Protein chains: 2
Amino acid sequence: MESLAERGWHATTMLEVAERAGVSRGAAQHHFPTRESLVVAAVEQLGEEQITELRLRADELPPGRARTPAVAEMLLDLYTGVKFRAALNLWVAASHDAGLREVLVPLQARVGREAHRVAVELLGADESRPGVREAVQATLDLARGLGLANLLTDDAPRRAQVVRQWAHMLDAAL
Amino acid sequence: MESLAERGWHATTMLEVAERAGVSRGAAQHHFPTRESLVVAAVEQLGEEQITELRLRADELPPGRARTPAVAEMLLDLYTGVKFRAALNLWVAASHDAGLREVLVPLQARVGREAHRVAVELLGADESRPGVREAVQATLDLARGLGLANLLTDDAPRRAQVVRQWAHMLDAAL
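On a predicted model such as this, the values are computed, not experimentally measured, just so you know.

Side note on the interface of chain B and chain A
- Taken together, the contacts link 40 residues of chain B with 40 residues of chain A.
- Together, the buried faces of chain B and chain A total about 3200 Å²; carbon and sulfur atoms form 70% of this surface.
- Of the charged contacts in the structure, one is a salt bridge between R158 of chain A and D141 of chain B, with a shortest N-O distance of 3.0 Å.
- The interface formed by chain B and chain A holds 10 residue pairs in polar contact (both at pLDDT 80 or more) in total.
- Residue assignment for the side of chain B that touches chain A shows that the elements contributing at least two residues are α1 (2–7), α6 (82–94), α7 (98–123), α8 (132–149) and α9 (156–173) of chain B.
- Looking at which element gives the most residues to the side of chain B that touches chain A, the answer is α8 of chain B, with 11 residues.

Quick look at the UniProt feature "DNA-binding region" (unreviewed entry) in chain A
- Under the feature "DNA-binding region" (unreviewed entry), the UniProt entry names residues 13–32 of chain A.
- Strand forms 0% of residues 13–32 of chain A and helix 75%; the C-alpha atoms that close the span are 12 Å apart.

Here's the deal with the relation of the copies chain B and chain A
- Mapping chain B onto chain A calls for a rotation angle of 180 degrees and an axial translation of 0.0 Å; the resulting RMSD is 0.0 Å. These values place the two chain copies in the arrangement generated by a two-fold rotation axis.
- Of all interface residues in chain B, 100% are interface residues in chain A too; the two copies therefore contact each other through one and the same surface.

A word on helix α2 (residues 14–21) of chain A
Residues and elements named next belong to chain A.
- The set of residues buried in α2 consists of M14, E16 and A18.
- Of the surrounding secondary structure, the elements contacted by the buried residues of α2 are α1 (2–7), α3 (25–31) and α4 (35–58).
- G22, located one to two residues past α2, shows a positive phi value of around 70 degrees.

Reading the values: the criteria
- Residues numbered from 1 in each chain as written.
- Chains lettered and ligands numbered in written order.
- Predicted model: local features only at pLDDT ≥ 70, side-chain atom pairs only at ≥ 80, totals over all residues.
- Heavy atoms only, no water.
- Contact = heavy atoms within 4.5 Å.
- Buried area = accessible area lost by both parts, 1.4 Å probe.
- Salt bridge = Lys/Arg side-chain N within 4 Å of Asp/Glu carboxyl O.
- Polar contact = N/O pair within 3.5 Å; in protein donor to acceptor, adjacent residues only side chain to side chain.
- Helix = DSSP H or I, 4+ residues; strand = E, 2+ residues; numbered from the N terminus.
- UniProt positions renumbered as here; feature names shortened; annotations may be inferred.
- Least-squares fit on C-alpha atoms with pLDDT ≥ 70 in both.
- Buried < 20%, exposed > 50% of the residue type's maximum accessible area, 1.4 Å probe, protein only.

Okay, structure coming up:
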């Protein structure tokens, strides 16, 4: 993931990954015969780590009216780090590479559904009410857009203002 | 832009671009001595085309209450085509390439400001009211997130539902 984020899919060879992991190329290839299999395993672990982290932080969330802004901040900061950079490099590479796309599309769908489920849970959102499901989806789409805006420059000060406004809008929609 | 969208920055050499444009490599290099200078010119033109297209479509917008959903749809579909794919490939390449980042960051800021200005104009938004500026920014960030979601699969049916809900939320915020 670090190699993907720092150097991109093109430079993320098995040799590069083995060196970063401090193992031989042979040992890496014994566990992961192809780059694709390595990347699937990495994205799955990354997705699980993200969900675990969200659940852990959920225990610290304030109750009542203060909850929505706190969750909005958590969710909208979700895609601003190394994990998002790594995933972004994979998505863009997959848009030129049918083999990579084939493994990534179902994986991305699964990780996306899981992120949605956790977001609903954290927000205490009632998806049977009209528009609520789409408002939660919009939150995660917005989070990915904010991740993009943070790719080349530090967008944190502007993002904080967008997050504050979004929390109001989301609270009203929920 | 087509080469960037289809094949990525790595494969978008001067030779590739010259061939697609039906000119010699020498002629291309006479106008654009480096890939960076070519890309800056292309992104500038792409930004201008986008703004022009938005302004043209603005004339067909309905008045009154129907205006916000129509503008929301226009803006949220903005980053779902070849131009966004091309830009995305550049952003990701720039995250590994200091030279490319240096030319792209100021350009991206300028194109982003212009897109914001047109969005405000189309929505008839009053940015002196609290939260309005951030709601418009969130719309464009959301649009980029929806662009990402459309990269590997056709996300149009889901996007249509998110757009409808977003239009309600944006209308209330404005």
